[in-house]
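# Chains, contacts and geometry: an overview
Here are the chains, one letter per residue:
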Amino acid sequence: MAIVNVLIQRPPEQVWDVLADGYAYAEWVVGTQEIRAVDDGWPEVGSSIHYTAGIGPLSFTGRTTVRRAEPGRQLGLEADGGPIGTARIVIDLIHWGEDTVVELDESPLRGAGYRLHNSVSDAVLLVRGRPMVQNLARLVERRHHR
């Protein structure tokens, strides 16, 4: 399990506004090359983002599906990475004075990533997670001026 957090100097509603924009995920999720489609109703439970991810010439298509949604509080996602398997991603928005602490918890759920899960794979998730939450913070603060 890899948990990272960041303080975003905006209220939870403004953070949720960015999370509710399915096309914005390409701007903050590390490894996402493009968002190909966003289901109507995103981020309602059962809706998905369809994306291409990878690094350089190595890429794959995937889908991330909402499994839990509490607007302004929590978004639970299942990311399908094809041959890698799926991951459970929970994004908690914690009111922190006038600001928001965003806690991102990512762990393998099914498939090869789950079967091979160990402290090294957790380290990789942490290396990916820290810049992701920092990218999210910058995007929220850029979209919503104080």
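The notes below deal with the structure included here. (Residues numbered from 1 in each chain as written. Predicted model: local features only at pLDDT ≥ 70, side-chain atom pairs only at ≥ 80, totals over all residues. Heavy atoms only, no water.)

## A closer look at the side chain of Gln74
- Turning to its location among the elements, Gln74 is positioned in strand 5 (residues 74-80).
- Of the residues examined, Gln74 reaches a relative accessible area of 14% and is grouped as buried.
- Within the structure, the side chain of Gln74 is placed 2.6 Å from the side chain of Asp92, a separation counted as a polar contact.
- Setting aside its immediate chain neighbours within four residues, Gln74 contacts Trp16, Arg68, Ala69, Val90, Ile91 and Asp92. (Helix = DSSP H or I, 4+ residues; strand = E, 2+ residues; numbered from the N terminus. Buried < 20%, exposed > 50% of the residue type's maximum accessible area, 1.4 Å probe, protein only. Polar contact = N/O pair within 3.5 Å; in protein donor to acceptor, adjacent residues only side chain to side chain. Contact = heavy atoms within 4.5 Å.)

## As for the pairing of strand 6 (residues 86-96)
- Summarising the sheet, strand 5 and strand 6 pair through seven bridges and their orientation is antiparallel. Note that in strand 6 the partner of Asp80 across the bridge is Thr86.
- Between the end of strand 6 and the start of strand 7 (residues 99-110), which pair antiparallel, lie two residues, with Gly97 showing a positive phi angle near 65°. (Pairing = 2+ DSSP bridges.)

## Details of the packing of aromatic side chains
- This model, assessed by the stated rule, comprises two aromatic pairs.
- Relative to Trp28, the ring of Tyr25 lies with its centre 5.0 Å away and its plane at 45°, an arrangement referred to as tilted. Of this pair, Tyr25 and Trp28 both sit in helix 2 (residues 25-28), three residues apart, which is roughly one turn of that helix. The exposure classification of Tyr25 matches that of Trp28, with both residues buried.
- Owing to a relative accessible area of 6%, Tyr25 belongs among the buried residues under this scheme.
- The rings of Tyr25, Trp28 and Trp42 are connected pair by pair, giving a single aromatic cluster. (Phe/Tyr/Trp six-rings, centres within 6.5 Å; stacked < 30°, edge-to-face > 60°.)

## Looking at the nonpolar core
- Among the nonpolar cores identified, the biggest contains 32 residues, and Leu19, Tyr25, Trp28 and Ile91 are the most heavily contacted of them.
- By residue number, the principal contributor to this core is helix 4 (residues 119-143), which donates six residues.
- Once you skip the residues sitting within four places of it in the chain, Ile91 turns out to touch Leu19, Trp28, Arg73, Gln74, Leu75, Leu77, Val102, Glu103 and Leu104. (Core = buried A, V, L, I, M, F, W, Y, C linked by side-chain atoms within 4.5 Å.)

## Some thoughts on the sheet that holds strand 3 (residues 48-55)
- Spatial strand order, 1-7-6-5-4-3-2: seven strands in an open sheet with antiparallel pairing. What marks the edges here is a single partner per strand, and that holds for strand 1 (2-8) and strand 2 (32-38). Ignoring which end each strand starts from, the neighbouring axes of this sheet average 25° apart.
- Pairing between strand 6 and strand 7: 11 bridges, direction antiparallel. What sits directly across from Leu93, in strand 7, is Val102. (Axes fitted to C-alpha atoms, helices over the stretch in contact; angles between N-to-C directions.)

## Observations regarding the pattern of salt bridges
- One pass over the full model with this rule turns up seven salt bridges.
- One salt bridge in this structure joins Glu27 and Arg142, with 3.4 Å as the shortest N-O distance. In this pair, Glu27 sits in helix 2 while Arg142 sits in helix 4, placing the two residues 115 residues apart along the sequence.
- Between Arg143 and Glu27 there is a salt bridge whose closest N-O contact spans 3.8 Å. (Salt bridge = Lys/Arg side-chain N within 4 Å of Asp/Glu carboxyl O.)

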